[in-house]
Amino acid sequence: MQEIMYKLIFTIIWLLNGLVRRPHMKKYKKTEMISSKNTSREKLLYFLAAFGMMIVPMVYVFTPWLNSFNMNLPDWIRLIGVIGFGFGLFLFWWVHRTLGENWSPILEIRKEHKLITTGPYKHARHPMYTQIWIWVICQWLILSNWAVGVVGILTWSILYFIRLPEEEKMMIEEFGQEYEDYIKRTKNIIPWVY
Ligand code: SAH
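Throughout what follows, the structure given in this document is the object of discussion.

**Topic: the site of the ligand**
And step 1. Taken together, 20 residues sit near the ligand, with Glu108, Ile116, Tyr121, His126 and Glu167 positioned nearest.
And step 2. Backbone polar atom of Ile106 to an oxygen atom of the ligand: 3.0 Å apart, as the coordinates give it.
And step 3. His113 places a polar side-chain atom, nitrogen or oxygen, 2.9 Å from a nitrogen atom of the ligand.
And step 4. Protein coverage of the free-state accessible area of the ligand, which is 530 Å², stands at 100%.
And step 5. Residue composition of the shell around the ligand, by class: 12 nonpolar, 4 polar and 4 charged.

**Re the nonpolar core**
And step 1. Core analysis: the largest hydrophobic core is formed by 50 residues, its most contacted members being Phe10, Tyr129 and Trp156.
And step 2. Elements supplying a minimum of two residues to this core: helix H1 (3-30), helix H2 (39-62), helix H3 (75-99), helix H4 (127-143), helix H5 (146-175) and helix H6 (177-184).
And step 3. The biggest single contributor to this core is H4, with 10 residues.

**Brief notes about the packing of H1 against H4**
A pair of packed helices can be characterised by two numbers: the angle between their axes and the separation between those axes.
And step 1. Two numbers describe how H1 lies on H4: the axes approach to 10 Å, and their chain directions differ by 160°. When the interaxial angle is binned, H1 and H4 end up roughly antiparallel. The two elements H1 and H4 cross, and the hand of that crossing is left-handed. Taken together, the residues of H4 that come into contact with H1 (itself represented by Glu3, Tyr6, Lys7, Phe10, Trp14, Asn17 and Arg21) are Met128, Gln131, Trp135, Gln139, Ile142 and Leu143.
And step 2. Here the contact of H1 with H4 is composed, by residue class, of 7 nonpolar, 3 polar and 3 charged.

**With respect to a nonpolar patch on the surface**
And step 1. Residues Met1, Ile4, Met5, Leu8, Ile12, Leu16, Leu19 and Leu79 make up a contiguous nonpolar surface patch of about 720 Å² in total accessible area.
And step 2. Summarising the element assignment, Ile12 is placed in helix H1.

**Some words on the side chain of Thr155**
And step 1. Looking at the secondary structure, you find Thr155 in helix H5.
And step 2. Note on Thr155: relative accessible area 8%, which makes it buried.
And step 3. Here the side chain of Thr155 touches Val151 through a polar contact of 2.8 Å, landing on its backbone oxygen.

What counts, and at which threshold
- Residues numbered from 1 in each chain as written.
- Predicted model: local features only at pLDDT ≥ 70, side-chain atom pairs only at ≥ 80, totals over all residues.
- Heavy atoms only, no water.
- Near = heavy atom within 4 Å.
- Polar contact = N/O pair within 3.5 Å; in protein donor to acceptor, adjacent residues only side chain to side chain.
- Areas by Shrake-Rupley, 256 points an atom, 1.4 Å probe, with all protein chains shown as cover.
- Nonpolar A, V, L, I, M, F, W, Y, C, P; charged D, E, K, R; others polar.
- Core = buried A, V, L, I, M, F, W, Y, C linked by side-chain atoms within 4.5 Å.
- Buried < 20%, exposed > 50% of the residue type's maximum accessible area, 1.4 Å probe, protein only.
- Helix = DSSP H or I, 4+ residues; strand = E, 2+ residues; numbered from the N terminus.
- Axes fitted to C-alpha atoms, helices over the stretch in contact; angles between N-to-C directions.
- Parallel < 35°, antiparallel > 145°, perpendicular 65-115°, else oblique.
- Left-handed = near helix turned anticlockwise from the far one by under 90°.
- Contact = heavy atoms within 4.5 Å.
- Patch = residues over 30% accessible without salt bridge, like charges linked within 9 Å, V, L, I, M, F, W, Y side chains within 5 Å.
- Salt bridge = Lys/Arg side-chain N within 4 Å of Asp/Glu carboxyl O.

Here it is as structure tokens:
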């Protein structure tokens, strides 16, 4: 398949992810929060990850600046990336729908926060992070470019590994035994595995 087709498919799914998030971001801005953790650091990490997932791939799609990092991956691997990215879009929609108003781009507890343990949250505590891992790996495969792959995975890893223990700590402080029990019967991001 031609490079332009991969770039087009990637951009369409990328935009659809944005459309899924949009109404939730609007609602979030009106939601009253009762506590937040490490707000400045969280915002910085969020923008760092957004740089790797939004800016760098779009620089590759719309300019020739990163072409020297091209990898020439075979079509079948790039198609696996397309299927994975498409599945990630579905997961993103499902997670947002299930988490509803309890979602926040940083670590926060809202007024009347509810612990969600259904749908994608039944077997994994962090399915949105599963989706983001899928995103950064698949954008690498689809666009077949070292710069896109390495920057995406690196910026996301920093956020993921710093945030995960902090988020679990915050949830235990808020939900106590209920969250401890939830930890015992679920995995982090891959049901039954990790
Ligand atoms: N880590 C989750 C959610 C990411 S959004 C995931 O990967 O799917 C981050 C916010 O979601 C946190 O600020 C926290 O308030 C909220 N949150 C995380 N897990 C939750 C759960 N099981 N139920 C309700 N809210 C949750």
